[in-house]
Amino acid sequence: MVQTDALATIEHASVRFDTPFTLECGTTLPNHTVAFRTSGTLNAARTNAVLICHALTGDQYVAERQPVTGKPGWWEMMVGPGKPVDTDRYFVICANVLGGCMGSTGPREMRPDGSAPWGTDFPPVTIRDMVRAQKQLIEHLGIARLFAVVGGSMGGMQVLQWAALYPDAVFAALPIATAAHHSAQNIAFHEVGRQAIFADPDWQGGRYWESGRIPARGLAVARMCAHITYLSEEALTRKFGRRLQGAPKDSSEAISLFGEMFEVESYLRHQGSTFVQRFDANSYLTITRAMDYFDLAADYEGDLANAFRGTRTRFLLVSFTSDWLFPTSQSRAIARSLNRAGANVSFVEIPSDKGHDAFLLDEPDFHRTVAGFLRGCAMHAGLAA
Amino acid sequence: MSTHDPVRFVAKNMRLDLALIGDMIAPGSRVLDIGCGDGTLIDHLFRTKGCDARGIEIDMAEATRAVAYGLPVMHGDADTDLQHYPDGAFDYVVLSRTLQAVERPRAVLAQMLRIGTRAVVSFPNFGHWLVRWQLLSTGRMPMTSTWDRPWHETPNIHPCTIRDFFALCAEEGYQVETWLAVDDAGRRAPWRRFPGLANLFGEQGLFVLRRL
């Protein structure tokens, strides 16, 4: 399949840093680019900035039309005028992560010498590298301290890393549906996805730009597999049950030999095929690896509490009952580590049957919780209402 | 609410109980309120005394309500979550009308006095004359406005009397810094020097403890 023109040609607002940037792996990027979007207005004191950290396949288009897909922003329920993260009140920033494919430096961007895209030679970045790149952006915007850092899933990992690395630059931290390390099960699912990409002949050792054919089948299977982990059994049953539908007429796929297919199969195929229009396979490999490597406690003598000792940041942890990818036990473990560190922590589990994806969906209790927490923090931070 | 949710002890005169506790806490203190419900006390302590007050609540709906109100509350259980706090993290650790509902009251008290300099504990008094009279006269478990659930449904699995509580403090070596008993109407009972009378007429006991 030929990569859509959209992903290749769209210009993303960005800033390029020409100072050398040394990654955790030891490699130094001579320069790097951070693509980002903002909404709302920074106040005169520069104290109302909220950084949103996106998840694995998210991007900087939090609350506006995504230019590649033309769809609404991925967190419009949470971010916008009058929303829990209220852009009438806060200056909201979201950057594409390092290693991403929406304009920030990553595998599909050109190498520093301009000879070819990085491809699989792109260095193995970490969550910490992503956060350090975001910190550069924040400083570039003239912001010394963020009022809040908010993110779900991999975004939540970045929030934890922010709070650990720059405690004085984070007034409030909201790690949502996340964990302080990737579990063996998490890594296992990611590995299935990566193997699906490797198994696609169109992957071509990662140099697929040379032939112009992208590993669409492999990447689609990776997405299908991952998508299952984002949902719950209840949600799948409620949405699809065992309902059948006719085989797609134009399908030449082997599965159509059964003559008909389950609705859930059709749904997953749709998820897979739309995903490959907007995401780069090598980026997927890079970012899933960064998540797998994440183990915050390991950087602090194996004790997560050490990451947060003496912190003045106010934390809100939220998990969802049916999320089995980042289960409540993981959030509770973080909350207890924060207790051991003497931190100010709020923690609730929201009842939902929507699985891990619940953090992106219409969950009124969740939205009320975030809104109230931020209101309380704004009062403590002395931010005018 | 599902049937699996823990049933909390519902206190009458909640406002009064919290007001009395609030009076015992010095301004600007670090406070942990265990079983904080919707966070009324921590809100009160923050707004009126500038305390750094935080809460733990076992009922998820209540905890969520408190956080959505902007209060620092986490879902947790007195029996299992206190062990995660460092020694001396708080000036006061409050357990309001919850002691009788925890699984291991003695261990919970010990944790409270490990993580806090002082423990503030209130509990409904099972030694109250009406409770005694009902048991004596009917031979059945008392049902009063305070002890208002049948024995097989009550979350209050460890009822105790004011004298029982004094005895436990003596056994554990806790100093009773202040104590008082209030009657059904919430009036401060005038039996300061007579625990026996307080145990008969006090509807609720309220204690401030510290380690000896």
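Bear in mind that the values here come from a model prediction, so they are computed numbers and not experimental data.

Helices and strands together make up the secondary structure of chain A, namely ten helices and 14 strands. Its C-alpha atoms give chain A a radius of gyration of 21 Å, near enough to 21 Å, the size a compact globule of 385 residues would have. Projected onto its principal axes, the C-alpha coordinates of chain A cover approximately 65 × 50 × 40 Å. Burial statistics for chain A: of 385 residues in total, 50% are counted as buried. Across chain A, every contact between residues at least 6 apart in sequence was considered, and the portion connecting residues at least 24 apart equals 71%.

Time to look at the overall build of chain B. Helix and strand counts for chain B stand at eight helices and seven strands. Counting the 212 residues in chain B, one finds 44% classified as buried. Pairs at least 24 residues apart make up 64% of the contacts formed inside chain B by residues separated by at least 6 positions.

Most peptide bonds are trans, and most residues other than glycine sit at a negative phi. Residue and element names in this part refer to chain A. A positive phi angle, near 60°, is found at Arg46, a position not held by glycine. With respect to the helices, strands and loops of the structure, Arg46 is situated in the loop between β4 (32-39) and β5 (49-53). Residue classification places Arg46 among the partly exposed residues on the basis of 15 C-beta atoms within 10 Å. Despite not being glycine, Glu301 has its phi angle at roughly 55°, a positive value. By secondary structure assignment, the location of Glu301 is in the loop between α8 (281-293) and β13 (314-320).

A few words on the interface of chain A and chain B. Contacts between the two partners involve 21 residues from chain A and, on the opposite side, 17 residues from chain B. When contributions to the side of chain A that touches chain B are tallied by element, the ones reaching two or more residues are β13, α9 (328-340), β14 (344-350) and α10 (364-381) of chain A. At eight residues, α10(A) tops the list of elements feeding residues into the side of chain A that touches chain B. Looking at the side of chain A that touches chain B residue by residue, the class counts come to seven nonpolar, seven polar and seven charged.

On to the environment of Thr9(A). All names here are of chain A. Looking at the element boundaries, Thr9 is found in helix α1 (residues 5-9). Note on Thr9: 8 C-beta atoms within 10 Å, which makes it exposed. Between the C-alpha atom of Thr9 and that of Ser273, which follows or precedes it by 264 residues, the distance is 20 Å.

Here the focus is the packing of helix α4 (residues 184-199) of chain A against α8(A). If you want to describe how two helices pack, look at the angle between their axes and the distance between the axes. Residue and element names in this part refer to chain A. Between α4 and α8, the least distance of the axes is 10 Å, while the angle of their chain directions is 160°. Taken together, the axes of α4 and α8 lie roughly antiparallel to each other. When you trace α4 past α8, the crossing you get is left-handed. Mapping the contact onto sequence places Ile187, His190, Gly193, Arg194 and Ile197 in α4 and Ala281, Tyr284, Leu285, Thr288, Met291 and Asp292 in α8. In terms of residue class, the contact of α4 with α8 is made up of six nonpolar, three polar and two charged.

Residues and elements named next belong to chain A. Most of β13 is tucked away: seven of the seven residues are buried. Alternating positions in β13 separate into two faces, Arg314, Leu316, Val318 and Phe320 on one and Phe315, Leu317 and Ser319 on the other, with burial throughout. Sheet analysis places strand β10 (residues 170-176) next to β13, joined by three bridges and oriented parallel. When the sheet's bridge partners are listed, Ile176 is paired in β13 with Val318. Where β13 meets β14, seven bridges bridge the pair, whose relative direction is parallel. Counterpart to Phe320 in the pairing with β14 is Ile350.

Let us look at the domain arrangement of chain A. Many authors give the size of an interface as the accessible area that is lost as the parts come together. All names here are of chain A. Considered domain by domain, chain A is made up of domain 1 (5-183 + 298-381) and domain 2 (186-286). Facing 25 residues of domain 1, the contacting portion of domain 2 comprises 19 residues. Residues of the side of domain 1 that touches domain 2, tallied by class, amount to nine nonpolar, twelve polar and four charged.

All names here are of chain B. The pLDDT averaged across chain B works out to 89; a share of 89% of its residues lies at or above 70. Counted against residues more than four places away or in other chains, residues 1-14, with its pLDDT under 50, gives 19 contacts. Under the prediction, the complex receives an ipTM of 0.91, its pTM being 0.93.

This part takes up helix α3 (residues 154-165) of chain A. All names here are of chain A. Helix length check: α3 (twelve residues) gives 16 Å between terminal C-alpha atoms against 16 Å at 1.5 Å per residue, within 8%. Counted residue by residue, α3 has eleven buried out of twelve residues, so it is predominantly covered. Turning to α3, its buried residues number three or more, namely Met154, Gly155, Gly156, Met157, Gln158, Val159, Leu160, Gln161, Trp162, Ala163 and Ala164. Residues of α3 that are buried in the fold lie against β5, α2 (127-140), β9 (146-152), β10 and α8.

Glancing now at helix α3 (residues 60-68) of chain B. Counting buried positions along α3(B) yields seven of nine residues, so the element is predominantly enclosed. All of the buried residues along α3(B) are Glu62(B), Ala63(B), Thr64(B), Arg65(B), Ala66(B), Val67(B) and Ala68(B). Looking at the buried residues of α3(B), the elements they touch are β13, β14 and α10 of chain A together with β2 (52-57) and β3 (73-75) of chain B. Following α3(B) by one or two positions, Gly70(B) adopts a phi angle in the positive range, close to 95°.

With that settled, consider the nonpolar core. Residue and element names in this part refer to chain A. Core analysis: the largest hydrophobic core is formed by 160 residues, its most contacted members being Val50, Leu146 and Ala148. Take this core: its biggest share by element is eight residues, from helix α5 (residues 216-230). Structurally, this core is a two-domain feature, drawing no fewer than three residues from each of domain 1 (5-183 + 298-381) and domain 2 (186-286). If we skip the residues at most four places from it in the chain, Val50 touches Val85, Tyr90, Phe91, Val92, Leu146, Phe147, Ala148 and Val150.

What follows covers the packing of α10(A) against α3(B). Put simply, α10(A) and α3(B) touch, their axes get as near as 7 Å, and they point 40° apart. When the axes of α10(A) and α3(B) are compared, the pair comes out oblique. Residues Asp365(A), Arg368(A), Thr369(A), Gly372(A) and Phe373(A) of α10(A) lie in contact with α3(B), whose contacting residues are Thr64(B), Val67(B) and Ala68(B). Classifying every residue of the contact of α10(A) with α3(B) gives three nonpolar, three polar and two charged.

Reading the values: rules and limits
- Residues numbered from 1 in each chain as written.
- Chains lettered and ligands numbered in written order.
- Predicted model: local features only at pLDDT ≥ 70, side-chain atom pairs only at ≥ 80, totals over all residues.
- Helix = DSSP H or I, 4+ residues; strand = E, 2+ residues; numbered from the N terminus.
- Rg over C-alpha atoms; globule rule 2.2 N^0.38 Å.
- Buried ≥ 20, exposed ≤ 12 C-beta atoms within 10 Å, placed from the backbone.
- Contact = placed C-beta atoms within 7 Å.
- Nonpolar A, V, L, I, M, F, W, Y, C, P; charged D, E, K, R; others polar.
- Axes fitted to C-alpha atoms, helices over the stretch in contact; angles between N-to-C directions.
- Parallel < 35°, antiparallel > 145°, perpendicular 65-115°, else oblique.
- Left-handed = near helix turned anticlockwise from the far one by under 90°.
- Pairing = 2+ DSSP bridges.
- Domains from an automatic or database assignment.
- pLDDT = per-residue confidence, 0-100.
- Expected span 1.5 Å × (residues − 1).
- Core = buried A, V, L, I, M, F, W, Y, C linked by C-beta atoms within 7 Å.

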